[in-house]
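A structural walkthrough
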Amino acid sequence: MKVLIVDDEKHVREAIKLLGEWERHGITDILEAADGKSATEMIEEHAPQIVMTDMRMPRMDGTQLMEWLSGSHSGIKTIVISGYDDFDLVRHAIRHGGMDYILKPVDPAALNEALAKAAAACREEELKRRQSSRQSIEMNRMRPHYADKLLSDLIGGHGRREEILQQLREEYGLPEQIDRCAAAVISTAQLDDELLEKFARMKQLLYFTLTNIGNELLSAKRKGFAFHHLANPEEIVLLLWDDSMPMSSLLEDIHRGIDATLHRSVHIGAGSFQPFPEGLARSYQEAHRALWQRSLQDPAAWLHTLSADGPAAPRPLRLSAHEEQFRLAALSGSPEQISAAVDGWMQAVRQLDRVTPEQLVQWNAEWDWMLKQWMDQGAEAAAPSPDKDALLELPRSLPLDKHGRLSYDLWTSQYEGRLTAASRILTQKHSRENHIIHDIAAYLESHYAEDISLQEMAARFFLSREYISRRFKQEFHVNLSDFLARIRIEKAKLLLHNPQLRISQIAEMVGYQDEKYFSKVFKKQEGRTPNEFRKDLAAQTH
């Protein structure tokens, strides 16, 4: 594994080389560059897996280097080492994929912790690549999935272009002569929470549905392909090569088909027609940017393209300007104060000319950063040792309605939920009645008949799954699923007193759709089947 250290001060580079436990992290080559411009040349030549960069440098500074990396080499893990504790720099690092932001003078523990995390991420991705390679033969049998791989490689510039094109021609009917092409993008990340929840346990079905609708209208008429973008799994890409009719007409047919099937007006970003195949990546980038930089307040538009000059940059709004109000509201524990703090933010947002999905994602990332700082620093009124990781896994769905527009009501609910969860963690007492885990237990006792998972509890209470799992076991000495099973079986025992109810009905009433599984759980807990339990009850009454 290779690492590149980028800093215009040689003594800083030497210090980092001295402090890093390179062998322990599996790093064999340490490269150096004195500025961002030199770094780009080193990266192109040596392909390091990790880049550690300063932010203030001549020729090309760290912000420009990170922008270049996120656009051209997004797989490289970036660690910022800076002498500036500046929110704008931190925000920029987050936006462009920085894994950590370490302040100078460099603390050895912080440096090696960041290296360990980056190295682990690299190894995990390499493992996934190897697994993907081993599965390539199987993917070949699964033609639609193999087509996704070929087209994803083509659009991403991976593999040998001519070999990919030849396979697409031989296996999937790609026309021999294509002069120009255009790409369009649909992102499932921009669907509303209700639809995403419906497909939460079968995301592949959602991808298949969207792809199938696109291919019914494109492949059948030999006008293009629709495929699941494997490098960005939330995206469905539409590749169009027939420019004899307006692209908007083709996309409108697909838009109508999705609306008829899913009852959703999806938004589509469209790129311009470019020379094929060399211009395909550019058209895709245009489509991607158009979709993520669209205005969420536009009541009618569903098709989005970039103007000649690109969309006007939204007026910046910094979350940091509201951080103190958010923090004080969380520490107050007052629902009224939390609501007022969130309302202040919403009023500031409403004054913007436009809000984009890209901004929502950025604000979510800033929320994560802000809450992590609260957990790291504690707070004056906080209980001892708040759990740092409790709030780091927050719901990722954007606050959009069924038409893909910004829902201020849903957004307000999400932000109030985050602040309420932060308040409970920061101010929680050790007493039983105040502990958030008991709120979760109370919810389970009231909603035992519903289909409940740890992931759903994490989303509802704005806490991480790991935190809930660990603290629940500490408090109740059983895991969440066993606790829920106990509640369900106790309720079932009461229902078994009624001889008019069938076992299958009782199973469904307490949250089990499978009668056999219900009986298995019942016997495990009670030592006898539901039928045996009912017979024993009948014998006791005679």
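Note that this is a predicted model, so its numbers are computed, not measured.

Definitions and cut-offs
Residues numbered from 1 in each chain as written. Predicted model: local features only at pLDDT ≥ 70, side-chain atom pairs only at ≥ 80, totals over all residues. Heavy atoms only, no water. Helix = DSSP H or I, 4+ residues; strand = E, 2+ residues; numbered from the N terminus. Buried < 20%, exposed > 50% of the residue type's maximum accessible area, 1.4 Å probe, protein only. Contact = heavy atoms within 4.5 Å. Areas by Shrake-Rupley, 256 points an atom, 1.4 Å probe, with all protein chains shown as cover. Lys, Arg positive; Asp, Glu negative; His and termini not counted. Charge placed at Lys NZ, Arg CZ, Asp CG, Glu CD. Pairing = 2+ DSSP bridges. Axes fitted to C-alpha atoms, helices over the stretch in contact; angles between N-to-C directions. pLDDT = per-residue confidence, 0-100. Phe/Tyr/Trp six-rings, centres within 6.5 Å; stacked < 30°, edge-to-face > 60°. Right-handed = clockwise from strand over helix to strand, strands pointing away. Parallel < 35°, antiparallel > 145°, perpendicular 65-115°, else oblique. Left-handed = near helix turned anticlockwise from the far one by under 90°. Core = buried A, V, L, I, M, F, W, Y, C linked by side-chain atoms within 4.5 Å. Polar contact = N/O pair within 3.5 Å; in protein donor to acceptor, adjacent residues only side chain to side chain. Arc of directions from axis to C-beta.

Within the protein, the secondary structure is distributed over 23 helices and 11 strands. By principal-axis analysis of the C-alpha atoms, the protein measures approximately 90 × 60 × 50 Å. Buried residues in the protein amount to 47% of all 542 residues. The long-range fraction of contacts in the protein, counting pairs at least 24 apart against all pairs at least 6 apart in sequence, stands at 67%. Accessible area for the protein stands at about 27400 Å²; split by element, carbon and sulfur atoms hold 49% of it. Across the protein, the mean location of the 67 positive side-chain charges is 5 Å away from that of the 81 negative side-chain charges.

On to the sheet that holds strand β5 (residues 98–103), then. In a beta sheet, neighbouring strands are held together by backbone hydrogen bonds and run either parallel or antiparallel to one another. Ordered in space as β2-β1-β3-β4-β5, the 5 strands form an open sheet in which the pairing is parallel. Both outer strands of the open sheet, β2 (29–33) and β5, are each paired with one neighbouring strand and no more. Neighbouring strand axes in the sheet, compared pairwise and without regard to direction, differ in orientation by 20° on average. Of the strand pairs in this sheet, strand β4 (residues 77–82) and β5 are connected by 5 bridges, and their pairing is parallel. Paired with I81 across the bridge in β5 is I102. Across the face of the sheet, helix α3 (residues 62–72) comes into contact with β1 (2–6), β3 (50–53), β4 and β5 while running at roughly 160° to β3. Along the sheet, helix α4 (residues 87–95) makes contact with β4 and β5, crossing β5 at roughly 155°.

Let us now look at the confidence of the model for the protein. Of the residues in the protein, 90% have a pLDDT of 70 or more, and the chain-wide mean is 84. At the low end of the mean pLDDT range in the protein sits helix α6 (residues 136–141), at 52; at the high end sits strand β9 (residues 268–270), at 95. pLDDT under 50 marks residues 379–386. Its contacts with residues more than four places away, or in other chains, come to 14 contacts. Confidence drops under a pLDDT of 50 for residues 429–433, and excluding neighbours within four residues, the segment shows 5 contacts in the predicted structure.

Going through the model one piece at a time under the given rule, you end up with 16 aromatic pairs. Their ring planes at 75° and their centres at 5.6 Å tell us that F522 and F533 sit as a pair that is edge-to-face. Pair noted here: F522 is in helix α22 (residues 515–526) and F533 is in helix α23 (residues 530–541), with a separation of 11 residues, a long-range link. Across the pair, F533 and F522 agree in class, each one buried. Among the aromatic residues, those joined into a ring-pair cluster are F326, W345, W363, W367, Y408, W411 and Y415.

What follows deals with α4. For α4, the set of buried residues is L89, V90, R91, H92 and A93. Within two residues after α4, G97 carries a phi angle of roughly 85°, on the positive side.

With respect to burial, β4 is a largely interior element, 6 of its 6 residues being buried. Neither face of β4 is left uncovered, since the one carrying K77, I79 and I81 and the one carrying T78, V80 and S82 both have all their residues buried. As defined by bridge partners, β3 adjoins β4 across 4 bridges and the pair is classed as parallel. Pairing of I50 across the sheet is with K77, part of β4. Regarding topology, α3 serves as the crossover connection from β3 to the parallel β4, and that connection is right-handed. A crossover links β4 with its parallel partner β5, the connecting element being α4, and its sense is right-handed.

Before going further, it helps to spend a moment on the packing of helix α13 (residues 323–332) against helix α16 (residues 408–427). Relative to each other, α13 and α16 sit at 60°, their axes nearing to 7 Å. The angle between the axes of α13 and α16 places the two elements in the oblique class. Between α13 and α16 lies a crossing whose hand is right-handed. For the pair formed by α13 and α16, the contact residues are F326, A330 and L331 on the first element and L419, A422, S423, L426 and T427 on the second.

So, about the nonpolar core. Residues W345, W363, W374 and W411 are the most contacted members of the largest nonpolar core, which totals 82 residues. Examining the composition of this core, we find that 8 residues originate from one element, α16, more than from any other. Not counting residues up to four positions away in its chain, the partners in contact with W345 are L317, R318, L319, H322, F326, W363, W411 and Y415. Residues A182, A184, L250 and L262 belong to the second largest nonpolar core, which totals 26 residues.

Across the junction of K104 and P105, the peptide omega takes the value -5°, indicating a cis bond. As for its placement among the helices and strands, P105 is situated in the loop between β5 and α5 (108–134). Cis peptide bonds are those with omega within 30 degrees of zero, and the linkage from F276 to P277 qualifies with 0°. Among the secondary structure elements, P277 is positioned in the loop between β10 (274–275) and α12 (280–292).

With that out of the way, let us pick up the side chain of S187. Relative to the helices and strands, S187 resides in strand β6 (residues 180–187). Separated by 3.2 Å, the side chain of S187 and the backbone nitrogen of A189 make a polar contact. Not counting residues up to four positions away in its chain, the partners in contact with S187 are E234, E235, L291 and W292.

Attention shifts here to the pairing of strand β7 (residues 224–228). Burial analysis of β7 places 5 of its 5 residues in the buried class, the great majority of the element. What you see with β7 is no split at all: G224, A226 and H228 on one side and F225 and F227 on the other are buried throughout. One ladder, built from 5 bridges, connects β7 with strand β8 (residues 235–240); its direction is antiparallel. What sits directly across from A226, in β8, is L238.

Let us look at helix α1 (residues 10–19). Restricting attention to buried positions, one finds in α1 the residues V12, R13 and I16. The buried side chains of α1 occupy one side of the element, clustering within an arc of 100° when seen end-on. Exposed side chains of α1 directed beyond 90 degrees from the buried face belong to H11 and L18.

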